[in-house]
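In case you want the letters, here they are:
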Amino acid sequence: MVVAALSCGGCTIMPTSGPQSMDIRMSQAGEPESLPYALVKLSPEVVRVLGQFTPRLSSAFANRTPPKAFRFGIGDTVSVTIFEAAAGGLFIPVEAGVRPGNFVTIPNQAVDNNGNISVPYAGAIRAKDKTPVEVQQAIVAALSNRAIEPQAVVSLVDQRTSLISVLGDVRSAGRFPASASGERVLDVITRAGGPSTQGYDTWVTLERAGHRASVPFGALVYEPSNNIFVLPNDTIYLYSQPQTFVAFGAAGTQGQYKFDAWRISFAEAVGKHGGLSDSLADPASVFLYRGETREVAERLGVDCSKFQGPIIPIIYNVNFRDPSGYFLAQTFDIRNKDVIYTSNSASVETTKFLNFLRTIMATANDPIIYATNAYALKAAIRGVAPTTIINPPTPVNP
């Protein structure tokens, strides 16, 4: 007990790679210069809550239904064809009986800045935000009193407004017309030639109506719910950002490591940096440092009243002495820029302190030994036996 107390008292002067597990659990956040943090023990409930807040396009954009019917916009080029039931009407002359069909095609025109197209004898017809069927109905209604049972066919010639922009690390960036049948994110990326870099390092950002969300490209492939429908005027941006984590402490090796995958678990990350050092690590004291949003922290049961700002510093603790801890670590996903720290075992710190005491005692004893040896050497040179001989105590035999 005395040695343990002395070793704990000497922890502050012993060389070490980071805080002791006791310091983390006791939370030194009360000190003015310390940043407050919350300690959360990894459990199935914690894994479940974090899984609900994993970034997903399917949750970021509630509208995942197929796109609605196509609607014209300013600048779209429109074709209008008008039919009449018989010759001699408004558009078809009497002598047109030999025509292949009783129709006339109006020259293509773009929807003007007021959102209208012009149809002879019908005037300005509203086209902006209207479907082709709605424009057809408006034309027929305007001509019904003048033409012979008129019918109209309205079609899109050149699409200029309902476009989808695909930018970044794709092979053929550009703006693509939105398909009336509906396309998903991967469909549009395919139209742009696909990613130009390795998929596991690629992120996809979808921006819609001022709202933005990002997910790894692998999330679109392996989690189909993220592959949502795109809408006109959406912007898709692909960029390369290798995901990394940092490991230090009583680990196999220390440093920064790449995921080399679109997603890895806590257990995979520990294995990636060489596991735990058998001679140094305390398996019950493996910690992961991460900043969580205030909403997530509250769901984890953290008292957020002592924290300021939207991001709450949280330290997750997993106990690898417990066999079930490995199962939890397999379901706990690592995020980009996470920090993994493994604390030394208490016995390691005790050993360090005892070696420190042994060094101090040896330092104090060395001058005495040197002086005794010098005195004995001097007496031997003179041929005189030393008057005082220091002998070690004789062991007492039982």
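Everything below is about the structure printed above this text.
Note that this is a predicted model, so its numbers are computed, not measured.

Draft legend 1. Seen up close, the overall build of the protein. Across its full length, the protein holds eleven helices and 16 strands. Contacts in the protein between residues far apart in sequence, at least 24 positions, make up 66% of those at least 6 positions apart. Per element, the accessible surface of the protein, about 22100 Å² overall, is 57% carbon and sulfur.

Draft legend 2. Region of the structure containing helix α5 (residues 132–143). Over its twelve residues, α5 runs 17 Å from end to end, which matches the ideal 16 Å to within 8%, given 1.5 Å per residue. Every buried residue of α5 is listed here: Val 135, Gln 136, Ile 139 and Leu 143. Within α5, the buried residues cover an arc of 100 degrees as seen down the axis, which keeps them to one side. Facing away from the buried side of α5, by more than 90 degrees, are the exposed residues Gln 137 and Ala 141. Of the surrounding secondary structure, the elements contacted by the buried residues of α5 are β2 (77–83), β4 (116–119), β5 (123–126) and β6 (151–158).

Draft legend 3. Structural view of the pattern of salt bridges. Applying the stated criterion to the full structure yields 13 salt bridges. Of the charged contacts in the structure, one is a salt bridge between Lys 272 and Asp 260, with a shortest N-O distance of 3.8 Å. With Lys 272 in helix α8 (residues 266–272) and Asp 260 in the loop between β13 (255–258) and α8, this residue pair connects regions lying twelve residues apart in the sequence. Given a relative accessible area of 43%, Asp 260 falls into the partly exposed group. A salt bridge links Asp 338 to Arg 290; the shortest N-O distance between them is 2.7 Å. Separated by 48 residues along the polypeptide, Asp 338 in strand β16 (residues 338–344) and Arg 290 in strand β14 (residues 281–293) bring together distant segments of the chain. For the pair formed by Asp 338 and Arg 290, the shared burial category is buried. Each of Arg 290, Glu 292, Arg 335 and Asp 338 takes part in one network of salt bridges that share partners.

Draft legend 4. Focus on the packing of aromatic side chains. Taken as a whole and judged by the stated rule, the model has twelve aromatic pairs. Relative to Phe 103, the ring of Phe 83 has its centre 5.2 Å away and its plane inclined at 40 degrees; by these criteria the two rings are tilted. Linking Phe 83 in strand β2 with Phe 103 in strand β3 (residues 103–110), this pair joins segments that are 20 residues apart in sequence. Given a relative accessible area of 32%, Phe 83 falls into the partly exposed group. With 4.7 Å between their ring centres and 40 degrees between their planes, Phe 320 and Tyr 326 make a pair best called tilted. Relative accessible area serves as the criterion here: at 7%, Phe 320 is assigned to the buried category.

Draft legend 5. Examining the nonpolar core more closely. Counting residues in hydrophobic clusters, the biggest one holds 33 residues, and the most contacted among them are Phe 245, Phe 266, Leu 300, Val 302, Ile 314, Tyr 316 and Ile 334. Counting only elements with at least two residues in this core, the list comes to β1 (38–41), α3 (44–52), β12 (244–249), α8, β14, α9 (294–299), β15 (311–318) and α10 (324–331). Sequence-distant contacts of Leu 300, defined by excluding residues within four places in its chain, comprise Val 46, Val 49, Leu 50, Ile 314 and Tyr 316. Leu 57, Ala 192, Ala 219 and Val 230 belong to the second largest nonpolar core, which has 23 residues in total.

Draft legend 6. Main features of the environment of Ser 179. Within the secondary structure layout, Ser 179 lies in the loop between β8 (174–177) and α6 (185–191). Since its relative accessible area comes to 27%, Ser 179 is described here as partly exposed. For the pair Ser 179 and Ser 162, spaced 17 residues apart in sequence, the C-alpha separation works out to 8.8 Å.

Draft legend 7. Focus on the sheet that holds strand β10 (residues 211–216). Across the sheet, which stays open at both edges, the five strands sit in the order β8-β7-β11-β9-β10 with mixed pairing between neighbours. Each edge of the sheet is formed by a strand with only one pairing partner; in this case those strands are β8 and β10. Averaged over all neighbouring strand pairs, the angle between strand axes comes to 20 degrees, with direction disregarded. When strand β7 (residues 163–168) meets β8, the two strands line up antiparallel, connected through four bridges. Each residue of the ladder has a partner; that of Leu 163, found in β8, is Pro 177.

Cut-offs and rules
Residues numbered from 1 in each chain as written. Predicted model: local features only at pLDDT ≥ 70, side-chain atom pairs only at ≥ 80, totals over all residues. Heavy atoms only, no water. Helix = DSSP H or I, 4+ residues; strand = E, 2+ residues; numbered from the N terminus. Contact = heavy atoms within 4.5 Å. Areas by Shrake-Rupley, 256 points an atom, 1.4 Å probe, with all protein chains shown as cover. Expected span 1.5 Å × (residues − 1). Buried < 20%, exposed > 50% of the residue type's maximum accessible area, 1.4 Å probe, protein only. Arc of directions from axis to C-beta. Salt bridge = Lys/Arg side-chain N within 4 Å of Asp/Glu carboxyl O. Phe/Tyr/Trp six-rings, centres within 6.5 Å; stacked < 30°, edge-to-face > 60°. Core = buried A, V, L, I, M, F, W, Y, C linked by side-chain atoms within 4.5 Å. Pairing = 2+ DSSP bridges. Axes fitted to C-alpha atoms, helices over the stretch in contact; angles between N-to-C directions.

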